[in-house]
Amino acid sequence: MDTDQVRSRWDATKGACPTRQVLGRIGDTWTVLVISTLEKGGTLRSGQLKSIIEGITQKMLTQTLRNLERDGVVRRDVVPTVPVTVSYTLTPLGLSLAAAVATMRTWAYDHMDEITAARDEYDANL
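The model shown is predicted, which means the values in this text are computed figures rather than measured ones.

Comments concerning the overall build of the protein
Argument step 1. Counting its secondary structure elements, the protein contains six helices and three strands.
Argument step 2. For 126 residues, the compact-globule estimate of 2.2 N^0.38 gives 14 Å, and the protein exceeds it by more than 25% at 18 Å.
Argument step 3. Here the C-alpha coordinates of the protein stretch approximately 60 × 45 × 25 Å along the principal axes.
Argument step 4. A buried classification covers 26% of the 126 residues belonging to the protein.
Argument step 5. Considering only residue pairs separated by 6 or more positions, the protein has 42% of its internal contacts joining residues 24 or more positions apart.
Argument step 6. Surface accessibility of the protein: about 8800 Å² in total, with carbon and sulfur atoms responsible for 56%.
Argument step 7. For the protein, the distance from the average site of its 15 positive side-chain charges to the average site of its 15 negative ones is 12 Å.

Below is the structure:
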């Protein structure tokens, strides 16, 4: 099956399309930040991720990592030490998503001044 045939199987505008859940996950702020951090830092432990990603709670970090592991984006490695050492790495699928995330991040950086100006103008007209 070629790429166009695979893509034609999905339509995110339809309520029952499973790609909606995927798009919701990859569009989540914490997901984007975890993927970006793992892309830059390589294999990291949960505590390292939490210290790098300002504002993320332990609960949200755990939930995000579990969801990404379930989707095959992140690999969780457990080393039987005392205490147990758990680390996270992007899978090949995760690395392919990291490229798209980097594009979105770059777009945001490049256009932040324009967005700020538009928000200011909008708020001034309320």
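Brief notes about the sheet that holds strand β1 (residues 44-45)
Pairing between the strands of a sheet comes from backbone hydrogen bonds, and it takes one of two forms, parallel or antiparallel.
Argument step 1. Pairing within the open sheet is antiparallel, and its three strands lie in the order β1-β3-β2. At either end of the open sheet lies a strand with only one pairing partner, and these are β1 and β2 (74-79).

Digging into the packing of helix α3 (residues 29-41) against helix α6 (residues 92-124)
Two quantities define a packed helix pair, namely the angle between the axes and the distance from one axis to the other.
Argument step 1. As a packed pair, α3 and α6 sit with axes 9 Å apart at the nearest point and diverge in direction by 110 degrees. Compared by their axis directions, α3 and α6 come out roughly perpendicular. Counting all contacts with α3, which are made through Val32, Ile35, Ser36, Glu39 and Lys40, the residues of α6 involved are Gly94, Leu97, Ala98, Val101, Ala102, Met104 and Arg105.
Argument step 2. A class-by-class count of the residues in the contact of α3 with α6 yields seven nonpolar, two polar and three charged.

Examining the UniProt feature "domain: HTH hxlR-type" (unreviewed entry) in the protein
Argument step 1. Here, UniProt's "domain: HTH hxlR-type" (unreviewed entry) annotation points to residues 17-116.
Argument step 2. Measuring from the first to the last C-alpha atom of residues 17-116 gives 34 Å, for a span that is 66% helix and 14% strand.

What to know about the side chain of threonine 89
Argument step 1. Position of threonine 89 relative to the elements: it lies in strand β3 (residues 85-90).
Argument step 2. Here threonine 43 takes part through its side chain, which lies 2.6 Å from a polar atom of the side chain of threonine 89.
Argument step 3. Among all residues touching threonine 89, those that are not within four sequence positions of it are Thr43, Val73, Val74, Arg75 and Asp77.

Quick word on the nonpolar core
Argument step 1. Counting residues in each nonpolar core, the largest one holds 19 residues, and the members touching the most others are Ile35, Leu38 and Leu49.
Argument step 2. Counting residues per element, the ones that place at least two in this core are α3, α5 (58-70), β3 and α6.
Argument step 3. If one sorts the elements of this core by residue count, α3 sits on top with four residues.

Structural notes on the pairing of β2
Argument step 1. As defined by bridge partners, β2 adjoins β3 across six bridges and the pair is classed as antiparallel. Within β3, the residue paired with valine 74 across the bridge is leucine 90.
Argument step 2. As consecutive antiparallel partners, β2 and β3 are separated by five residues.

Each value, and the rule that gives it
- Residues numbered from 1 in each chain as written.
- Predicted model: local features only at pLDDT ≥ 70, side-chain atom pairs only at ≥ 80, totals over all residues.
- Heavy atoms only, no water.
- Helix = DSSP H or I, 4+ residues; strand = E, 2+ residues; numbered from the N terminus.
- Rg over C-alpha atoms; globule rule 2.2 N^0.38 Å.
- Buried < 20%, exposed > 50% of the residue type's maximum accessible area, 1.4 Å probe, protein only.
- Contact = heavy atoms within 4.5 Å.
- Areas by Shrake-Rupley, 256 points an atom, 1.4 Å probe, with all protein chains shown as cover.
- Lys, Arg positive; Asp, Glu negative; His and termini not counted.
- Charge placed at Lys NZ, Arg CZ, Asp CG, Glu CD.
- Pairing = 2+ DSSP bridges.
- Axes fitted to C-alpha atoms, helices over the stretch in contact; angles between N-to-C directions.
- Parallel < 35°, antiparallel > 145°, perpendicular 65-115°, else oblique.
- Nonpolar A, V, L, I, M, F, W, Y, C, P; charged D, E, K, R; others polar.
- UniProt positions renumbered as here; feature names shortened; annotations may be inferred.
- Polar contact = N/O pair within 3.5 Å; in protein donor to acceptor, adjacent residues only side chain to side chain.
- Core = buried A, V, L, I, M, F, W, Y, C linked by side-chain atoms within 4.5 Å.

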